[in-house]
Amino acid sequence: MERSLAQPVGVGIVAALVGFTSSFAVVVTGLRAVGATPEQAASGLLVLCVVQGLGMIWLSRRHRAPLTLAWSTPGAAVLAGAGGVAGGWPAVVGAFVVCGALIGLTAAWPALGRLVAAIPVPVAQAMLAGVLLSLCLEPLVAVAAAPLLVGPVIVVWLVLARLAPRWATPVAFGLGVVLVLAAVAAGDATLGLRPPGLVLTPPELTLPAVVGIALPLYVVTMASQNVPGVSVLASFGYAVPWRETLLVTGAGTMVGAFAGGHAVNLAAITAALPASAEAHPDPRRRWVATQSAGWAYLVLAVLSPLVTALVAASPAGVFETVAGLALLTTLGTALAAALRDESHRVAATATFLTAASPLVVLGVGSAFWALVVGLVVWALLVARPPRRARRRVVGDRAAGGRQWGPWRTTR
């Protein structure tokens, strides 16, 4: 293979490996939390790999740009916090179909996109942070229960987070695999391997699943994946074909939902590698890296039953720790965005606490109610400040000084 081709192909394979090993445990955890069996979770992971792989191959070749796709890791975290849903797994699959339809509808109906964009960033990010909190606490819970087992995973992750951040989570995952194989060899666990295959589930539409899963899944996928993904590619000089990408990912999500896939979207973090000069000095050749990543995901799809079996057979806390560590950066970024502005902090904090709580009302989980609480508090305290504060605004304007809250200006 000529050098000009070997470089982007190698970078694409690395991007796929890093993306897969860094977050597959979150996906499996989320699918299992909402009622998927090990076989259904393996099917979901398989179809997600296939859909995003085929989507990357199509989009990157058609537009000659590194349009990288990914599964919705924040969306999987929403599932992990949702717990059981009325109607069981078929209702969850129905919610996945609705989420895909909403993504596709956003491309055809711009007003829906504007409605999502109207959700204040601090509220959306606080909801995401609250959803992530329980997963990010898992390393602490696990290390307290089994320090000799989980402690080495945390230490390895910390050392590599300092020396080679890109490989911190994949190597921690590798250590988790070693621990599982050791438990199997000692007879403490069994590894139930099955051939790759899709487990199809007829979807059912229920109001609690649509409101409690589909809507939060759609919001975090758009706000935490698709929109940042556009920004990442724009920073490298690439324009995203927005409507076509949403149509491809929306249709792919709807089709994959029948096999247990929750959501596919533009990649945000992993998009930077194929789009950078590390993939190729010539920006016109970097799309080859995304092609390579797409084909790599099709190969990784075959491994979905194996990695799902590893998670199921792992000693308690091992892969939960890997998942929690992988999401720490995302949690920190969400909290920073939610709490950056002092005038927004009450609304953001109320949203965060609601999302982090085990609240279930009318069969609908905390993620949806966090949005409701956050928007209500935002409307009362930020969009329309208290009367006394408004009086101060008038006085400040008359004096030509600084203004309160949302109306603050700089000179």
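Parameters at a glance
Along every chain, residues carry numbers that run from 1 in the direction the sequence is written. Local features are withheld for residues below a pLDDT of 70 in this predicted model, meaning they are given only at 70 or higher, and side-chain atom pairs are given and counted only at 80 or more; totals for whole chains, interfaces and linings count all residues. Excluded from the side-chain calculations are hydrogens and water; all other atoms, namely the structure's heavy atoms, are used. Only DSSP runs of H or I covering at least 4 residues are called helices, and only runs of E covering at least 2 are called strands; the numbering of each starts at the N terminus. We compute the radius of gyration over the C-alpha atoms and compare it with the globule rule, which gives 2.2 Å times the number of residues raised to the power 0.38. Residue contacts are defined here by distance: any two heavy atoms, one from each residue, within 4.5 Å place the two residues in contact. Computed with the Shrake-Rupley method and a 1.4 Å probe, the accessible areas treat only the protein chains shown as cover for residues. Under the counting rule used here, the positive set is Lys and Arg, the negative set is Asp and Glu, and His together with the chain ends is not counted. Here the site of a charge means NZ on Lys, CZ on Arg, CG on Asp, or CD on Glu. Pairing of N or O atoms within 3.5 Å defines a polar contact, subject to two protein rules: one partner must be a possible hydrogen donor and the other a possible acceptor, and residues neighboring in sequence count only if both atoms are side-chain atoms. Between Lys or Arg on one side and Asp or Glu on the other, a salt bridge is scored when a side-chain nitrogen of the former is within 4 Å of a carboxyl oxygen of the latter. Orientation is described by axes fitted as lines to C-alpha atoms, over the contacting stretch for helices, and by angles from 0 to 180 degrees between their N-to-C directions. Angle categories are assigned with fixed cut-offs, so that under 35 degrees is roughly parallel, over 145 is roughly antiparallel, 65 to 115 is roughly perpendicular, and the rest are oblique. Each crossing gets its handedness from the near helix: less than a right angle anticlockwise from the far helix is left-handed, clockwise is right-handed. Each residue is assigned to one class: nonpolar for Ala, Val, Leu, Ile, Met, Phe, Trp, Tyr, Cys and Pro, charged for Asp, Glu, Lys and Arg, and polar for all the others, Gly among them. Definition used in this section: a nonpolar core is a set of buried Ala, Val, Leu, Ile, Met, Phe, Trp, Tyr and Cys residues joined via side-chain atoms within 4.5 Å. In this scheme, a residue with accessible area under 20% of its type's maximum is buried, one over 50% is exposed, and one in between is partly exposed, where area comes from a 1.4 Å probe on protein chains only. Here a patch means residues that are over 30% exposed by relative accessible area and free of salt bridges, tied together within 9 Å if like-charged and within 5 Å if nonpolar (Val, Leu, Ile, Met, Phe, Trp, Tyr). The predictor attaches a confidence to each residue, called pLDDT, with possible values from 0 through 100.

In terms of regular secondary structure, the chain is built from 18 helices and two strands. Against the 2.2 N^0.38 benchmark of 22 Å for 411 residues, the chain shows a C-alpha radius of gyration of 22 Å, consistent with a compact globule. Summarising its shape, the C-alpha atoms of the chain cover approximately 75 × 50 × 45 Å along the three principal directions. In the chain, the share of contacts with a sequence separation of at least 24, taken over all contacts with a separation of at least 6, comes to 80%. With the model as given, the accessible surface of the chain reaches about 17800 Å², and the carbon-plus-sulfur share is 68%. The chain carries 25 positive and 12 negative side-chain charges, and their two centres are separated by 15 Å.

This part takes up the environment of Glu320. Mapping Glu320 onto the fold places it in helix 14 (residues 318-326). The spacing of Glu320 and Glu138 is 182 residues in sequence and 6.0 Å in space, taken between C-alpha atoms. A polar contact of 3.1 Å, which involves the side chain of Glu320, links it to the backbone nitrogen of Gly317.

Right, let's get into the pattern of salt bridges. Overall, the coordinates contain two salt bridges when judged by the stated rule. Among the salt bridges present, the one from Glu244 reaches Arg62, with a minimum N-O distance of 2.8 Å. Note that Glu244 is positioned in helix 10 (residues 242-257) and Arg62 in helix 2 (residues 38-63), a separation of 182 residues in sequence.

Turning to the packing of helix 2 against helix 12 (residues 287-301), a few remarks are in order. Packing of helix 2 against helix 12 leaves a shortest axis separation of 8 Å and a crossing angle of 160°. The pairing of helix 2 with helix 12 is recorded here as roughly antiparallel in orientation. Considering how the two elements wind past one another, helix 2 and helix 12 form a crossing that is left-handed. Listed contacts from helix 12 to Leu46, Cys49, Val50, Gln52, Gly53, Leu54, Met56, Ile57, Ser60 and Arg61 of helix 2 are Trp287, Thr290, Gln291, Ala293, Gly294, Trp295, Tyr297, Leu298 and Ala301. Its residues placed into classes, the contact of helix 2 with helix 12 shows twelve nonpolar, six polar and one charged.

Attention now goes to the nonpolar core. Ranked by internal contacts, the top residues of the largest apolar core, which has 112 residues, are Phe20, Phe24, Trp71, Phe96, Ile213, Tyr218 and Phe319. A per-element tally of this core places helix 4 (residues 88-108) first, with twelve residues. Every residue in contact with Tyr218, bar those within four places of it in the chain, is listed here: Cys99, Leu102, Ile103, Thr106, Leu112 and Val116.

Side chains of Val346, Val372, Val376, Leu380 and Leu381 sit close together on the surface and give an oily, nonpolar patch of about 410 Å² of accessible area. Considering every element that reaches the nonpolar patch, the biggest residue donor is helix 17 (residues 366-383), with four residues. Mapped onto the elements of the fold, Leu380 is located in helix 17.

Along the chain, Thr73 turns up in helix 3 (residues 73-82). Beyond its immediate stretch of four places on either side in the chain, Thr73 contacts Ser23, Val26, Gln225 and Leu327.

One non-glycine residue, Arg64, lies in positive phi territory at about 50°. Among the structural elements, Arg64 can be located in the loop between helix 2 and strand 1 (69-71).

Here we take up the confidence of the model for the chain. Per-chain confidence: the chain averages 85 in pLDDT, with 91% of residues scoring 70 or above. A low-confidence stretch, residues 392-411 (pLDDT under 50), is modelled with 24 contacts involving residues beyond four sequence positions or located in other chains.

Turning next to the side chain of His280. Here His280 is to be found in the loop between helix 11 (272-275) and helix 12. A residue is classified by how much of its surface remains accessible, and His280, at 10% relative accessible area, is buried. A distance of 3.0 Å separates a polar atom in the side chain of His280 from the backbone nitrogen of Asp282.

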